[in-house]
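Fold and geometry: a report
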Amino acid sequence: DPGIQANCTLMAKSRDRWLWFSEVGATLASSFGLLALVLAGVGIYGVMSYSIGQQMREMGIRIALGATRRDILMVVLSQGLRVSLFGVGIGLVLSLAVVQVFSKMLYGVSVTDPATFVTIPLFLMAVAFLGCYVPARRAMQVNPSITLRYE
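In this text the structure is predicted, and so the values were computed from the model without any measurement. (Residues numbered from 1 in each chain as written. Predicted model: local features only at pLDDT ≥ 70, side-chain atom pairs only at ≥ 80, totals over all residues. Heavy atoms only, no water.)

We now examine the overall build of the protein chain. In terms of regular secondary structure, the protein chain is built from five helices and zero strands. Listing each helix as α and each strand as β along the protein chain from the N terminus yields α-α-α-α-α. Expressed as a percentage of contacts within the protein chain between residues at least 6 apart in sequence, the contacts between residues at least 24 apart total 84%. With an accessible surface of roughly 10700 Å², the protein chain has 70% of that area assigned to carbon and sulfur atoms. (Helix = DSSP H or I, 4+ residues; strand = E, 2+ residues; numbered from the N terminus. Contact = heavy atoms within 4.5 Å. Areas by Shrake-Rupley, 256 points an atom, 1.4 Å probe, with all protein chains shown as cover.)

Now the structure itself:
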């Protein structure tokens, strides 16, 4: 029957169009999520670098008083990673609270996907570590006499 065949073809086209929109939406959401992750990483690096840059005088004083380069590295890393760990903890709690809103949009993934809730915080902590380590290396090279003479 040509009427039934036309109806089936129309339903298949409608289904294909709906699937295409769903795929495009998922791709856009994934792309924006990845962009947000990169921007968060750059932001963490920038804030950590700026914060540690502001403490260069303090690092020079510590070195002048006998702190080793390893001590400076540990101080900088512990300060930066403590703040980052606090931020990641708050982010995890808030994301677990908000994820229920998006539960209807997820297909084939649980709302509390362990891979996502482990991978993203680990990535952000790795970026925070690098964001602290690079300026800490710079702080370890501070010449105390120049730092103390600066002001």
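On the secondary structure map, A126 appears in helix 4 (residues 114–140). Using a relative accessible area of 40% as the deciding quantity, one classes A126 as partly exposed. Residues A126 and L81, spaced 45 residues apart in sequence, show a C-alpha to C-alpha distance of 9.6 Å. (Buried < 20%, exposed > 50% of the residue type's maximum accessible area, 1.4 Å probe, protein only.)

Turning to the confidence of the model for the protein chain, a few remarks are in order. Regions with low pLDDT carry predicted coordinates that are not meant to be interpreted in detail. On average, residues of the protein chain score 81 in pLDDT, and 88% of them are at 70 or above. Taking the mean pLDDT of every element in the protein chain, the minimum, 71, falls on helix 5 (residues 144–150) and the maximum, 89, on helix 3 (residues 69–98). (pLDDT = per-residue confidence, 0-100.)

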